[in-house]
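Inside the fold
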Amino acid sequence: MEQLRAAARLQIVLGHLGRPSAGAVVAHPTSGTISSASFHPQQFQYTLDNNVLTLEQRKFYEENGFLVIKNLVPDADIQRFRNEFEKICRKEVKPLGLTVMRDVTISKSEYAPSEKMITKVQDFQEDKELFRYCTLPEILKYVECFTGPNIMAMHTMLINKPPDSGKKTSRHPLHQDLHYFPFRPSDLIVCAWTAMEHISRNNGCLVVLPGTHKGSLKPHDYPKWEDYEENKARVHLVMEKGDTVFFHPLLIHGSGQNKTQGFRKAISCHFASADCHYIDVKGTSQENIEKEVVGIAHKFFGAENSVNLKDIWMFRARLVKGERTNL
């Protein structure tokens with residue numbers, strides 16, 4: 001029970017995470033360049049043999065680290081996720097372990113339960129309605145191409161990007177998700193990120209740096225958004241409702257400002273092979289997260305009840321297909 005309570009408090013520390021007809025490969029990039037032409041298929045590293053992805057789709061993911069599948073999640077499912085999110089915002093349901101993140105630009109005196117006050121809910125593994133997203137056959141069919149048949153849902157989010165205040169507060173910094181994950185190998189981890197409505201540069205679409213999944217895990221404050229303002233490295237993914245992007249945890253990505261008056265919604269889950277293993281993050285660039293975890297555990301529960309990253313992820317993880325092995 002103490003670990004469960006600690007995990008709930010630690011969601012803020014980990015809250016930075018944020019994630020077609022089969023023939024479609026990419027959703028209308030509006031800047032930057034993407035290519036699969038330079039790929040030499042001596043051996044596939046980032047995808048597993050499967051009968052779902054076309055050869056061109058595999059090559060594209062291998063070269064770029066992401067793949068968009070058009071119109072993957074049905075409208076009816078998206079409406080159900082939207083309805084459940086609204087119930088959570090109105091406090092009609094309170095799933096165990098869920099973290100609800102409020103818009104920091106709105107003062108507490110203005111707070112009233114509504115979706116306009118909430119920017120994100122995460123760790124909805126105990127919400128049966130939202131967690132349906134992680135078990136959709138349409139999603140798992142593609143996830144298996146990256147993780148293999150034993151699949152764990154590791155981290156869940158529904159993002160409700162608010163209109164920008166004028167100070168770029170709605171922009172999500174460029175980052176790599178692997179920074180938060182104390183399990184490997186990284187090539188058996190993938191994020192599924194589904195647009196719940198039309199998403200464009202106007203309301204803060206995802207921004208990716210193609211090919212950066214081939215590099216190493218960078219310090220967490222790298223790169224700065226402005227480092228890529230003046231060149232063509234960034235690709236903006238314009239997506240329609242139901243479109244889903246799958247991307248590697250080392251891919252550098254973020255999202256832009258929401259310049260509209262609406263709230264831009266997307267739902268996502270990070271999946272990993274159940275054959276992945278936990279690692280000791282001491283002496284790595286991830287050690288600072290571990291220190292924050294232990295510090296918070298000490299503060300609330302005493303030194304003898306310390307919690308580490310492995311505890312948190314074991315609390316979150318849910319088997320969604322196959323057999324549970326290591327994770």
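Scroll up to find the structure this text is about.
Keep in mind the model is a prediction, meaning the values are calculated, not measured. (Residues numbered from 1 in each chain as written. Predicted model: local features only at pLDDT ≥ 70, side-chain atom pairs only at ≥ 80, totals over all residues. Heavy atoms only, no water.)

**Looking at the overall build of the chain**
- The number of helices and strands found in the chain is eight helices and 14 strands.
- Within the chain, buried positions represent 54% of all 327 residues. (Helix = DSSP H or I, 4+ residues; strand = E, 2+ residues; numbered from the N terminus. Buried < 20%, exposed > 50% of the residue type's maximum accessible area, 1.4 Å probe, protein only.)

**Considering the sheet that holds strand 11 (residues 253–255)**
- The sheet built from four strands is open, its strands ordered 5-11-8-9 with antiparallel pairing. With one partner strand each, in any of the chains shown, strand 5 (172–175) and strand 9 (235–237) form the two edges of the open sheet. Neighbour to neighbour, the strand axes of the sheet diverge by 20° on average, direction disregarded.
- In this structure, strand 5 lies alongside strand 11, joined through two bridges in antiparallel fashion. Bridge pairing in strand 11 places His175 opposite His253. (Pairing = 2+ DSSP bridges. Axes fitted to C-alpha atoms, helices over the stretch in contact; angles between N-to-C directions.)

**Some details on the packing of aromatic side chains**
- Applying the stated criterion to the full structure yields nine aromatic pairs.
- Centroid distance Phe183 to Tyr278: 6.1 Å. Interplanar angle 85°. Geometry classified as edge-to-face. Here Tyr278 lies in strand 13 (residues 277–278) and Phe183 lies in strand 6 (residues 183–184), a separation of 95 residues in the sequence. We note that Phe183, like Tyr278, is buried.
- One aromatic cluster in this structure is built from Tyr61, Tyr142, Phe146 and Phe246.
- If you follow Arg58 out to its NZ or CZ, it ends over the ring of Phe44, 3.7 Å from the centre. (Phe/Tyr/Trp six-rings, centres within 6.5 Å; stacked < 30°, edge-to-face > 60°. Lys NZ or Arg CZ within 6 Å of the ring centre and 35° of its normal.)

**Some words on the pattern of salt bridges**
- Enumeration according to the criterion identifies eleven salt bridges in this entry.
- For Glu56, the salt bridge is made with Lys59, and the minimal N-O distance between the two is 3.8 Å. Of this pair, Glu56 and Lys59 are both found in helix 3 (residues 55–64), three residues apart, which corresponds to roughly one turn of the helix.
- As a salt-bridge pair, Lys70 and Asp243 come within 2.5 Å of each other at their nearest N and O atoms. Of this pair, Lys70 sits in the loop between strand 1 (66–69) and helix 4 (75–89) while Asp243 sits in the loop between strand 9 and strand 10 (244–247); the two residues are 173 residues apart in sequence, bridging distant segments of the chain. (Salt bridge = Lys/Arg side-chain N within 4 Å of Asp/Glu carboxyl O.)

**Examining the pairing of strand 4 (residues 151–161)**
- Most of strand 4 sits inside the fold, with eleven of its eleven residues counted as buried.
- Note that strand 3 (residues 118–122) and strand 4 share three bridges and pair antiparallel. Each residue of the ladder has a partner; that of Lys120, found in strand 4, is Ile159.
- Sheet topology note: the strand 4/strand 14 (residues 318–321) ladder contains three bridges and is antiparallel. Each bridged residue has a counterpart across the sheet, and for Met152 the counterpart in strand 14 is Leu319.
- Pairing analysis gives ten bridges linking strand 4 to strand 12 (residues 264–273), with the strands arranged antiparallel. Looking across to strand 12, one finds that Ala153 is bridged to Phe271.

**Thoughts on the packing of helix 4 against helix 5 (residues 128–135)**
- The interhelical angle for the contact between helix 4 and helix 5, taken along N-to-C directions, is 145°, at an axis separation of 8 Å. Crossing of helix 4 against helix 5: the hand is left-handed. Between helix 4, through Asp77, Arg80, Phe81, Glu84 and Ile88, and helix 5, the contact on the second element is made entirely by Glu129, Leu130, Arg132 and Tyr133.
- Here the residues of the contact of helix 4 with helix 5 are counted per class, giving four nonpolar, no polar and five charged. (Left-handed = near helix turned anticlockwise from the far one by under 90°. Contact = heavy atoms within 4.5 Å. Nonpolar A, V, L, I, M, F, W, Y, C, P; charged D, E, K, R; others polar.)

**What to know about helix 5**
- Burial analysis of helix 5 places six of its eight residues in the buried class, which makes it a mostly covered element.
- Buried within helix 5 we find Glu129, Leu130, Phe131, Arg132, Tyr133 and Cys134.
- You can read the cap of helix 5 off the contacts: a side-chain oxygen lies 3.0 Å from the backbone nitrogen of Glu129, and it is on Asp127. (Polar contact = N/O pair within 3.5 Å; in protein donor to acceptor, adjacent residues only side chain to side chain.)

**Examining the nonpolar core**
- By size, the foremost hydrophobic cluster in this structure holds 58 residues, and its most contacted members are Tyr133, Cys134, Ile139, Trp193, Val245, Phe246 and Phe271.
- No other element matches helix 6 (residues 137–147), which puts six residues into this core.
- Ignoring any residue separated from it by four or fewer positions in sequence, one finds Val245 in contact with Phe66, Leu67, Val68, Cys191, Ala192, Trp193, Leu206, Leu237 and Met239.
- Core analysis: the next-biggest nonpolar cluster, separate from the first, contains 18 residues, Ala274, Val281, Leu309 and Ala317 among them. (Core = buried A, V, L, I, M, F, W, Y, C linked by side-chain atoms within 4.5 Å.)

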